[in-house]
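Residues per chain are reported as follows:
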Amino acid sequence: MVTLPRLAVAAPSTGQGKTTVATGLMAALRDRGVRVSGHKVGPDYIDPGYHALATGRPGRNLDPHLVGEERIVPLLLHGARDADVAVIEGVMGLHDGRLGTDGFASTAHVARLTRTPVVLVVDIAGMSRSAGAIVAGTAAYDPAVEVVGVILNRAGSARNVAEVERSLRLPVLGVVPHDDALSAPSRHLGLVPAAERHGAADAVARLGERVARHVDLDAVLEAARTAPGLDAVPWDPAAEVRPVGGEAPVVAVAAGRAFTFLYAETAELLTAAGCRVVPFDPLTDESLPDGTRALLLGGGFPEMHVRQLARNVPLLTQVRDAVTAGLPTVAECAGLLYLLDALDGTPMAGAIGATATMTDRLTLRYPVAKAVGDDLLSREGEEVTGHEFHRTALTRHPSGWTPAWDIDGELIGVASPTLHASYLHVHWAGHPHLAQRFAEAAAVAKPVAPPTRTGNKAASARTSDTAPEPVAASTRTGAKTAASLHTGDRAPEPAPVEPLHHHGDRETGPGLIDFAVNVYPGPRPAWLDSALLEGVRDSVSYPDATPAREAIAGLHGRRTDEVLVTAGAAEAFELIARWKQWRHAVVVHPQFTEPHAALERAGHQVTVVQCRPEDGYRLDPDAVPADADLVVLGNPTNPTGVLHPAEDILRLRRPKRVVVVDEAFMDTVEGEPESLAGHRRRGLLVIRSLTKHWSIPGIRAGYVVGSDRSIAALEARQIPWSVSTPAIAAAIACTSPEATAEAARRAKEIAEWREALVDGLGARGIEVLPSRTSFVLARPGPGVREALRERGVAVRRADTFPGLDATWVRIAVRPPETSARLFAALDALGRD
């Protein structure tokens, strides 16, 4: 039987001041010479950091979900070895636990398992006698939980405090006055970690002084001593793992301000398994510790330090090379982000072909995860318990990897015999076999080579090891083949860090002939310029899109409530992405990437359905998963120029499925034969853009048509006045009978120009896909785009479109005299 005085500091709900009071209580008791151990109910990493400052010893977690009920008391006794008292900070409200489990892993659950008396912290800033009712109900809810006292927090006047005290039937152990200066700063995932907060130690010391003044510490200790003895043996890491033998392998563990999330027991297990755990700071250390044979990248806030992390190029390069070469590596959440190609557009290590960005959506879950295959840590079918807590989301998902975990049918992370990386946090004390396998992998691994200090950006080396497929030569007699175009030994530039966000305007610039942007190259009609000027003059009032809705409805034979005017097609994509919690969103590629990017920004995982080159990149409706509830495709498709038959698109319709057709370039097609803008079909939305055909990309004018219910739902999510008065004027002008005639003339002209462009490219042995719109997809080969740019010609790279590589380029249709300059540049490459 082990005697351990102890208290749990809980509250009726979150936000009552548990962390402030618990941390201050630990510091105040330590100042009195009491040896205090700090513990936290739940998976949280941040509060234990403050507990460590207050107690002078590691903060510990007590989480039945993560480690199992049977380990809670042993872990409590382990963390409290040689302590005079243990203070356990609760989580959320006293009885709040894992959803759907009747309070499993709640503070009350841990209090029952450890037979720990509970002190309630109650914020009384906004109430008086109601506090008594709340405390009475909270204390009586579970008879197995003993609430022994109350600490009143954020107290105001003495009269109000007296009223509260009269309402209570439990001892008041302290009354802490309101003081916002003592609250800990917070950010998107809660409090700022102690290791990142300047003056954190001083702040904790002030908390201790304040609690000592306003809380009866003797009464607190007396309450703690009422806790009964515990019939258990302290947890011992040496009993959970076996030493690997031989020279202790060095396990490099990320630390410092960007990587503060690591359970203390993880390092203790690795040490017991015979490893030497060496911390390093990815912000400041330019290399891994000498002799590193395994790498552990835990959690933290790399998004808050992303630029400083990116500046440490020597370490990023060494980590990328080491992980790629097979260094045993475990990465959780922040560690996963560190290994990606980029975070919020800033280059990271580039060991995993994926990117991520911050979002408004909080991912918070407490799952059971199943291993997908045999890998560094797990064996297929094994289950672990863990937690996820992050606001970042992958914007480009890794391909070619085995997923790390299956969580309720969702596959997350990446895994291999030497790498395990995902958003899931796992407490290794609950799953010690993970530590054992990691240590065994470290024992047989080779030490990491010192970093190569070339001064180059880490991202600059991220080029493919596989050469692009050779370009098929033309069969025309005497034709110069694309393979014979001389580009020096120039390799294609690396793909942009965020390929879904790359658009043709990035390719243009002063002194370049523009074949990259698909905007009609001729002058605007005088009537459109007049309408735009009139729109500017009318901009003294807030915009009203009603006249534009009426004009667009008339053009397509729709009702006004079936039309929504938007700030270009891009706003329509954003509205659709945020309309519903799409269960299975599908984007048909290759196509314009903005719908895909919008869905990922909204927190959705996107399934890509590739149109196959052997089918001429035409749509195969049967390739779309039957359970997809959102399908997005372009018609004609950017960048292929393929015009899909309307009947094939209509085959995509299903009950409870929305099909979105991007017809941004339909007005460049003669007669618009496959347009669905005038079709009233349930679950069908059609998006149009006015910016390309009418040479007004800076005006941002577009619209979406569909059922009245769908349009109303999208309109409800639209920012007020998002469409400017000049854009509204343009929409009205571009749907007039005069505009319809001019649009048809332009479409005919584009078809003639396109024929001349295709003939000229074909004569030079360059493969070109058949196109029906204002651009063509051509395959001149690797390095040609870069060589053309050096000769003053800008074409649009195509390797940012899923399914295409750097051998392809998109070329905008231009008048024959302009296309002749492109042909001259290609001929010059052939002569070099």
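Values in this document were obtained by computation on a predicted structure and should not be read as measured data.

Caption draft 1: Layout of unusual backbone geometry. A cis geometry characterises the amide bond from H589 onward to P590, with omega recorded as -5 degrees. Within the element layout of this structure, P590 appears in the loop between β26 (585-589) and α18 (594-601). Residues N635 and P636 are joined by a peptide bond in cis, for which omega reads -5 degrees. With respect to the helices and strands, P636 occurs in the loop between β28 (630-634) and α19 (646-650). If you check the backbone angles, R115 has positive phi at about 55 degrees while not being a glycine. Checked against the element boundaries, R115 lands in the loop between α5 (107-114) and β5 (118-123). Residue class for R115 comes out partly exposed when judged on its relative accessible area of 48%. Phi at R700 is positive, roughly 60 degrees, even though this residue is not glycine. Positionally, R700 belongs in the loop between β30 (684-689) and β31 (702-705).

Caption draft 2: Broad picture of the sheet that holds strand β23 (residues 419-422). Judged by pairing direction, the sheet is mixed, and its 6 strands sit side by side in the order β11-β10-β12-β13-β23-β22 without closing on themselves. On the outer flanks of this sheet lie β11 (276-280) and β22 (414-415), each paired with one strand and no other. Bridge count between strand β10 (residues 250-254) and strand β12 (residues 292-297): 4 bridges; the pairing is parallel. Its bridge partner being in β12, A252 is matched across the sheet by L295. Along the sheet face, helix α10 (residues 264-272) touches β10, β11 and β12 and points at about 140 degrees away from the line of β11. Here helix α14 (residues 432-444) sits on the sheet in contact with β10, β12 and β13 (329-332), set at roughly 145 degrees to β12.

Caption draft 3: Quick peek at the environment of P621. One can find P621 in the loop between β27 (606-610) and β28. Spatially, the C-alpha atom of P621 lies 5.8 Å from that of L652, the residues being 31 residues apart in sequence. With residues near it in sequence (within four places) discarded, P621 still touches D648, R651 and L652.

Caption draft 4: Structural detail: the sheet that holds strand β18 (residues 383-385). What the 4 strands build is an open sheet, ordered β18-β17-β20-β21; its pairing is antiparallel. In this open sheet, the two edge strands, each paired with only one partner strand, are β18 and β21 (410-412). Strand-to-strand twist of the sheet, defined as the mean angle between neighbouring strand axes without regard to direction, takes the value 35 degrees. Pairing of strand β17 (residues 368-371) with β18 involves 3 bridges; the strand directions are antiparallel. Among the inter-strand pairings, A369 is bridged to a residue of β18, identified as V384.

Caption draft 5: Molecular detail of helix α16 (residues 546-556). Three or more residues of α16 are buried, namely A548, R549, A551, I552, A553 and H556. Looking at the buried residues of α16, the elements they touch are β25 (563-566), β30, β31, α20 (708-715) and α21 (725-733). Remark: G557 follows α16 within two positions and exhibits a positive phi of approximately 65 degrees.

Caption draft 6: A look at the packing of helix α1 (residues 18-31) against helix α2 (residues 46-55). Two elements in contact, α1 and α2, have axes separated by 8 Å at closest approach and are oriented at 20 degrees. Taken together, α1 and α2 sit at an angle that is classed as roughly parallel. As for how α1 packs across α2, the hand of that crossing is right-handed. Contacts from T19, T23, M26, A27 and R30 in α1 reach D47, Y50, H51, L53, A54 and T55 in α2.

What counts and how
- Residues numbered from 1 in each chain as written.
- Predicted model: local features only at pLDDT ≥ 70, side-chain atom pairs only at ≥ 80, totals over all residues.
- Heavy atoms only, no water.
- Helix = DSSP H or I, 4+ residues; strand = E, 2+ residues; numbered from the N terminus.
- Buried < 20%, exposed > 50% of the residue type's maximum accessible area, 1.4 Å probe, protein only.
- Pairing = 2+ DSSP bridges.
- Contact = heavy atoms within 4.5 Å.
- Axes fitted to C-alpha atoms, helices over the stretch in contact; angles between N-to-C directions.
- Parallel < 35°, antiparallel > 145°, perpendicular 65-115°, else oblique.
- Left-handed = near helix turned anticlockwise from the far one by under 90°.

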